[in-house]
Amino acid sequence: MTTDNTAAHGAAPKDTPTEGDRPVVELRGAGKSYGNIRALHGVDLAVHPSKVTCVLGDNGAGKSTLIKIISGLHQHTEGEFLVDGEPVRFATPREALGKGIATVYQDLATVPLMPVWRNFFLGSEMTKGPWPLRRLDIARMKRTADEELRNMGIVLDDLEQPIGTLSGGQRQCVAIARAVYFGARVLILDEPTAALGVKQSGVVLKYIAAARDRGLGVIFITHNPHHAYMVGDHFSVLRLGTLELSAARSEVTLEELTNHMAGGAELAALKHELSQVRGVDVEELPDAGDLAAPTAPAPAPASSEGKS
Ligand SMILES: Nc1ncnc2c1ncn2[C@@H]1O[C@H](COP(=O)(O)OP(=O)(O)OP(=O)(O)O)[C@@H](O)[C@H]1O
Ligand SMILES: [Mg+2]
């Protein structure tokens, strides 16, 4: 049920190649070595339109390496990487973008002092058709940015305000709306909620769902199983560069997912380390079993929700 990597993906999609079912992006036994450091090994991943694929894992698990391969920053050194069923090997992020794969990095590439609408079009300013001499069509850019943000349900008072004055969550949302507007088919989000509070995280999760509803395949990287479970259709947990869990939503509960993230062995090791630190009472710390039920009164939400 839980740790069966090979069967979890693909079984249905591969054998029944209906259009909507084919993964846009797929990794088969993919891996990456930096010199003799093997950062990623034997990873299978399938990203489908209108689905959120969550990639979870602890620090150093290989999450960033995985998305660097898909976003064209690095190249895989083993296995296969396919887009629309065709093997690919991107030399630059621009090539990935050309295939509709857009990445929103945590340290967003925005210019804080520039207005929201200007950042929305940063690097892809509106041009009029095939004209070789570019002129900025400011009015059209403002109007379009406003429309697009509204389409995603993002309402900002004033698009003239510098993007630096928006909250981290709002900036993430602008970046998501931007990727949607520029025709992304696959949206990669590298820990978009990591630096955010509860409320702002909720807002970002809402737009992840909005992007999914507009047909994008979303790859959502996070440390947080609760965030993942709120929007995820599929969960891939990395540990030390390999896939330790790959499961559809119907195959895993939030409790199991949390347990996979907070593995018992690591917890014991942590407890041991903390015992060396003066002032930390390890007896007070939870056991692995306690962590399985993170919020005491949560009665296994997965079983009733299932898949939509
Ligand atoms: N350019 C590089 N050269 C050498 N080793 C690297 C390089 N990039 C990553 N690694 C190694 O690969 C492993 C996976 O790193 P990666 O950044 O993918 O992890 P991560 O899951 O994104 O972690 P975090 O949650 O801390 O961002 C780590 O052991 C890291 O040291
Ligand atoms: Mg990382």
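Residues numbered from 1 in each chain as written. Chains lettered and ligands numbered in written order. Predicted model: local features only at pLDDT ≥ 70, side-chain atom pairs only at ≥ 80, totals over all residues.

Trainee: Got a minute to help me understand the site of ligand 1 in this structure?
Mentor: Neighbouring ligand 1 are the residues Tyr34, Ile37, Ala39, Gly57, Asn59, Gly60, Ala61, Gly62, Lys63, Ser64 and Thr65. Put simply, the parts of the chain that give the shell around ligand 1 at least two residues each are strand S2 (37–47) and helix H3 (63–71). It is H3 that contributes the most residues to the shell around ligand 1, 3 residues altogether. Grouping the constituent residues of the shell around ligand 1 by class yields 4 nonpolar, 6 polar and 1 charged. (Near = placed C-beta within 6 Å. Helix = DSSP H or I, 4+ residues; strand = E, 2+ residues; numbered from the N terminus. Nonpolar A, V, L, I, M, F, W, Y, C, P; charged D, E, K, R; others polar.)

Trainee: Sorry if this is basic, but what is going on with the sheet that holds strand S6 (residues 101–104) here?
Mentor: Hydrogen bonding along the main chain pairs the strands of a sheet, whether they run parallel or antiparallel. Judged by pairing direction, the sheet is mixed, and its 6 strands sit side by side in the order S6-S7-S8-S3-S9-S10 without closing on themselves. Unpaired on one side and paired on the other, S6 and strand S10 (242–248) mark the two borders of the sheet. Sheet twist, expressed as the mean angle between neighbouring strand axes with direction ignored, is 15°. Direction of pairing for strand S9 (residues 234–239) relative to S10: antiparallel, over a ladder of 6 bridges. Each residue of the ladder has a partner; that of Ser236, found in S10, is Ser246. Across the face of the sheet, H3 comes into contact with strand S3 (52–57), S6, strand S7 (186–190), strand S8 (217–222) and S9 while running at roughly 150° to S7. Against the sheet, helix H10 (residues 254–261) makes contact with S3, S9 and S10, and its axis sits at roughly 15° relative to S9, the strand it touches most. (Pairing = 2+ DSSP bridges. Axes fitted to C-alpha atoms, helices over the stretch in contact; angles between N-to-C directions. Contact = placed C-beta atoms within 7 Å.)

Trainee: It is not clear to me how unusual backbone geometry should be interpreted in this structure. Could you clarify?
Mentor: A negative phi holds for most residues other than glycine; trans holds for most peptide bonds. Despite not being glycine, Glu191 has its phi angle at roughly 50°, a positive value. Tracing the backbone shows Glu191 in the loop between S7 and helix H8 (198–213). Its identity is not glycine, yet Leu240 carries a phi of approximately 50°, on the positive side. Summarising the element assignment, Leu240 is placed in the loop between S9 and S10.

Trainee: Sorry, what's going on with the pairing of S6 here?
Mentor: A regular strand carries its side chains on alternate faces of the sheet. Residues Ile101 and Thr103 line one face of S6 and the alternating positions Ala102 and Val104 line the opposite face, and both faces are buried. Sheet topology places S6 next to S7; 4 bridges connect them, and they run parallel. Paired with Ala102 across the two strands is Leu187, which belongs to S7. (Buried ≥ 20, exposed ≤ 12 C-beta atoms within 10 Å, placed from the backbone.)

Trainee: Can you walk me through the nonpolar core in this structure?
Mentor: Within soluble globular proteins, side chains that are nonpolar tend to cluster in buried spots. By size, the foremost hydrophobic cluster in this structure holds 68 residues, and its most contacted members are Ile176, Val186, Leu187, Ile208, Ile219 and Phe220. At 7 residues, helix H7 (residues 168–181) tops the list of elements feeding residues into this core. Formed jointly, this core draws a minimum of three residues from each of two domains, domain 1 (5–100 + 184–305) and domain 2 (113–182). Excluding residues that lie within four positions of it along the chain, Phe220 makes contacts with Val52, Cys54, Leu189, Ile208, Ala228, Val231 and Gly232. (Core = buried A, V, L, I, M, F, W, Y, C linked by C-beta atoms within 7 Å. Domains from an automatic or database assignment.)

Trainee: Would you mind going over the pairing of S3 with me for this structure?
Mentor: For S3, a buried count of 6 out of 6 residues is recorded, marking the element as mostly surrounded by other parts of the structure. Of the two faces of S3, the one carrying Val52, Cys54 and Leu56 and the one carrying Thr53, Val55 and Gly57 are both buried. Bridge count between S3 and S8: 5 bridges; the pairing is parallel. Considered in S8, the bridge of Val52 is made with Val218.

Trainee: What am I meant to see in the confidence of the model for the protein here?
Mentor: Regions with low pLDDT should not have their predicted coordinates read in detail. The pLDDT averaged across the protein works out to 81; a share of 78% of its residues lies at or above 70. Element-level pLDDT for the protein is lowest in helix H2 (residues 11–15), with a mean of 40, against a maximum mean of 97 in strand S4 (residues 78–83). In the predicted structure, residues 1–18 sits below a pLDDT of 50 and forms 26 contacts with residues beyond four places in sequence or in another chain. For the stretch residues 292–308, pLDDT sits under 50, and the model shows 15 contacts to residues farther than four places along the chain or on other chains. (pLDDT = per-residue confidence, 0-100.)

Trainee: What is the right way to read the environment of His223 from this model?
Mentor: Tracing the backbone through its elements, the reader meets His223 in the loop between S8 and helix H9 (225–231). With 16 C-beta atoms packed within 10 Å, His223 lands in the partly exposed category. Along the sequence, His223 and Cys54 sit 169 residues apart, while their C-alpha atoms lie 9.9 Å from each other. Ignoring sequence-local partners within four residues, the contact set of His223 consists of Leu56, Glu191 and Ala194.

Trainee: Is there a simple way to explain H3 in this structure?
Mentor: An α-helical turn contains 3.6 residues, so any two residues separated by three or four positions project in the same direction. When you tally the buried positions in H3, you get 9 out of 9 residues, the bulk of the element. Of the residues trailing H3, Gly72 is marked for its positive phi of about 85°.

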